[in-house]
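What follows is the residue order along each chain.
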Amino acid sequence: MKKIAILGGAGYVGSALTPYLLSLGYAVNVIDLFFYGERVFDDIRAHPALRLIRGDVRDTDLLEKELKGMDAVVHLACISNDPSFELDPQLGKSINYDAFDGILRATVSGGAARFLYASSSSVYGVSDAPEVREDCPCAPLTDYSKYKWMCEDLLNHTDLGQCAPVILRPATVCGYAPRLRLDLIVNILAAQALITKKITVHGGEQRRPNIHIRDMIEAYRVLLEAPADKVAGETFNVGFENQTVADLAEMVRAETGPDDVSIETLPVMDSRSYRINSEKMTRRLGFRASRTIRDAVRSLAEALQKGLITDPLNNSLYYNVRRMREIRAADWQPVYG
């Protein structure tokens, strides 16, 4: 597989996955509305194997045109996380679920041999199981996770012909990427510690799985390159550190200055709690994460020191909800930063 289309390729994961695949010799077409600007690709814009396509995944004519001849489609495009979805539920549903059938049809008609769908480990909801495996019941708590689950169901009941579909249920991603998000648990705790020297924890006993962004993009490579008979129709958890929110805060403090950073605990705002087991990826494909939460915190500290992160607590480009309000995302016309 040499020609890859990444839907939502200018987002947090996509901004790291795109240059990684280019470095491995893939040709990459990024289809994105660029809500967060195109500057994330400044370092690779001139790469001869990169095409940046300003487009909406709800535009079926565009998808039919741009997915033709692709070897694989990686579907990352969505209104990501619960607060962003709740800002405009109609917009969220239209992108996260209503567009999905058209994406599948364009993938099949374009002749792709593989389709990777980024679902979410949040589809498990709250679980008392010691470890949640891929065959455990799903009980999504929010509309965001509900539509992720409904897309999984639609994918599992759609005949894609010769195209091998694969579902990923990633843990919360952490660490530096060109299109950085600081509204994710480890990243925001690290930003607080580095800038204000005060970490705020809501609750603390909720257990959350995480994965370093470099391991996340490596998992996509493995799933793109694996033999079809090992991945077709399969679902894979991708997350290798299950920690309580309180433990995450302590890990961030230990990495950023244990004597200088304080931790304040407030009432819980998000009750989701679960431990995911990702042994299936290891057992079937030999993939195991090699980076830690502390590595992610260090990557953020180094990026801040190098000036790669600008005004981290106020810059809307790092916060999905702020940016969506700023550009009136419901109008769906892209604003380029």
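For the structure itself, consult the block above.
What comes next concerns the included structure. Here the structure is a predicted model, which means the values were calculated and not measured. (Residues numbered from 1 in each chain as written. Predicted model: local features only at pLDDT ≥ 70, side-chain atom pairs only at ≥ 80, totals over all residues. Heavy atoms only, no water.)

1. Considering the overall build of the protein chain
Turning to step 1, where the next piece is worked out: Looking only at helices and strands, the protein chain features 13 helices and twelve strands.
Turning to step 2, where the next piece is worked out: Oriented by its inertia axes, the alpha-carbon framework of the protein chain measures out at about 60 × 45 × 40 Å.
Turning to step 3, where the next piece is worked out: Burial status across the protein chain gives 55% buried among its 337 residues.
Turning to step 4, where the next piece is worked out: Taking contacts inside the protein chain between residues at least 6 apart in sequence as the whole, the part at least 24 apart equals 77%. (Helix = DSSP H or I, 4+ residues; strand = E, 2+ residues; numbered from the N terminus. Buried < 20%, exposed > 50% of the residue type's maximum accessible area, 1.4 Å probe, protein only. Contact = heavy atoms within 4.5 Å.)

2. Overview of the packing of aromatic side chains
Turning to step 1, where the next piece is worked out: The tally for this structure, following the rule as stated, stands at four aromatic pairs.
Turning to step 2, where the next piece is worked out: Grouping aromatic residues by their ring pairs yields a cluster made of Phe-100, Phe-115 and Tyr-117.
Turning to step 3, where the next piece is worked out: The ring of Tyr-147 is capped by Lys-146, whose NZ or CZ atom sits 4.9 Å from the centre of that ring.
Turning to step 4, where the next piece is worked out: The ring centre of Tyr-36 lies 3.7 Å from the NZ or CZ of Arg-179, which sits over that ring. (Phe/Tyr/Trp six-rings, centres within 6.5 Å; stacked < 30°, edge-to-face > 60°. Lys NZ or Arg CZ within 6 Å of the ring centre and 35° of its normal.)

3. So, unusual backbone geometry
Turning to step 1, where the next piece is worked out: Residues other than glycine seldom take positive phi values, yet Phe-34 does so here, at roughly 55°.
Turning to step 2, where the next piece is worked out: Within the secondary structure layout, Phe-34 lies in the loop between β2 (27-32) and β3 (50-54).

4. Considerations on the sheet that holds β3
Pairing between sheet strands relies on hydrogen bonds along the backbone, with the strands arranged either parallel or antiparallel.
Turning to step 1, where the next piece is worked out: Ordered in space as β3-β2-β1-β4-β5-β6-β10, the seven strands form an open sheet in which the pairing is parallel. The sheet is open, and its two borders are formed by β3 and β10 (234-238), each paired with just one other strand. Adjacent strand axes in the sheet meet at a mean angle of 15° when their direction is disregarded.
Turning to step 2, where the next piece is worked out: Pairing of strand β1 (residues 3-7) with β2 involves five bridges; the strand directions are parallel. By the bridge assignment, Leu-7 is partnered in β2 with Ile-31. (Pairing = 2+ DSSP bridges. Axes fitted to C-alpha atoms, helices over the stretch in contact; angles between N-to-C directions.)

5. Remarks on the side chain of Asn-320
Turning to step 1, where the next piece is worked out: Structurally, Asn-320 can be placed in helix α13 (residues 320-326).
Turning to step 2, where the next piece is worked out: On the accessibility criterion, Asn-320 (3% relative accessible area) is buried.
Turning to step 3, where the next piece is worked out: Setting aside anything within four residues of it in sequence, one finds Asn-320 in contact with Tyr-36, Ser-80, Ser-84, Arg-179, Arg-181 and Asp-183.

6. Some thoughts on the packing of helix α1 (residues 12-23) against helix α8 (residues 213-225)
Turning to step 1, where the next piece is worked out: Closest axis-to-axis distance for the α1/α8 pair is 9 Å, and the angle between their directions is 60°. When the axis of α1 is compared with that of α8, the two are oblique. Every pair of crossing elements has a handedness; the one defined by α1 and α8 is right-handed. Contacts between α1 and α8 involve Tyr-12, Val-13, Ala-16, Leu-17, Tyr-20 and Leu-21 from the first element and Ile-213, Arg-214, Met-216, Ile-217, Glu-218, Tyr-220, Arg-221 and Leu-224 from the second.
Turning to step 2, where the next piece is worked out: Per-class residue counts for the contact of α1 with α8 are eleven nonpolar, no polar and three charged. (Parallel < 35°, antiparallel > 145°, perpendicular 65-115°, else oblique. Left-handed = near helix turned anticlockwise from the far one by under 90°. Nonpolar A, V, L, I, M, F, W, Y, C, P; charged D, E, K, R; others polar.)

7. Regarding the pattern of salt bridges
Turning to step 1, where the next piece is worked out: For the coordinates displayed, the defined rule picks out 22 salt bridges.
Turning to step 2, where the next piece is worked out: Here Arg-54 and Glu-38 are joined by a salt bridge, their closest N and O atoms 2.8 Å apart. Here Glu-38 lies in the loop between β2 and β3 and Arg-54 lies in strand β3, a separation of 16 residues in the sequence.
Turning to step 3, where the next piece is worked out: Taking relative accessible area as the criterion, Arg-54 reaches 52% and is therefore assigned exposed.
Turning to step 4, where the next piece is worked out: For Glu-38, a relative accessible area of 11% puts it in the buried group.
Turning to step 5, where the next piece is worked out: Between Glu-218 and Arg-221 there is a salt bridge, with the nearest N and O atoms lying 2.4 Å from each other. One end of the pair, Glu-218, and the other, Arg-221, are both in helix α8, three residues apart, so they sit about a helical turn from each other. (Salt bridge = Lys/Arg side-chain N within 4 Å of Asp/Glu carboxyl O.)

8. Structural notes on the sheet that holds strand β11 (residues 241-244)
Turning to step 1, where the next piece is worked out: Taken in spatial order, the three strands make up an open sheet running β7-β9-β11, and their pairing is mixed. This sheet does not close on itself; its edge strands, each paired only once, are β7 (172-174) and β11. With direction set aside, neighbouring strand axes in the sheet form an average angle of 45°.
Turning to step 2, where the next piece is worked out: Examined bridge by bridge, β7 and strand β9 (residues 207-212) share three bridges and lie parallel to one another. Across the sheet, Thr-172 pairs through a bridge with Asn-210, a residue of β9.

None of the figures reported here should be taken as evidence of function without further support.
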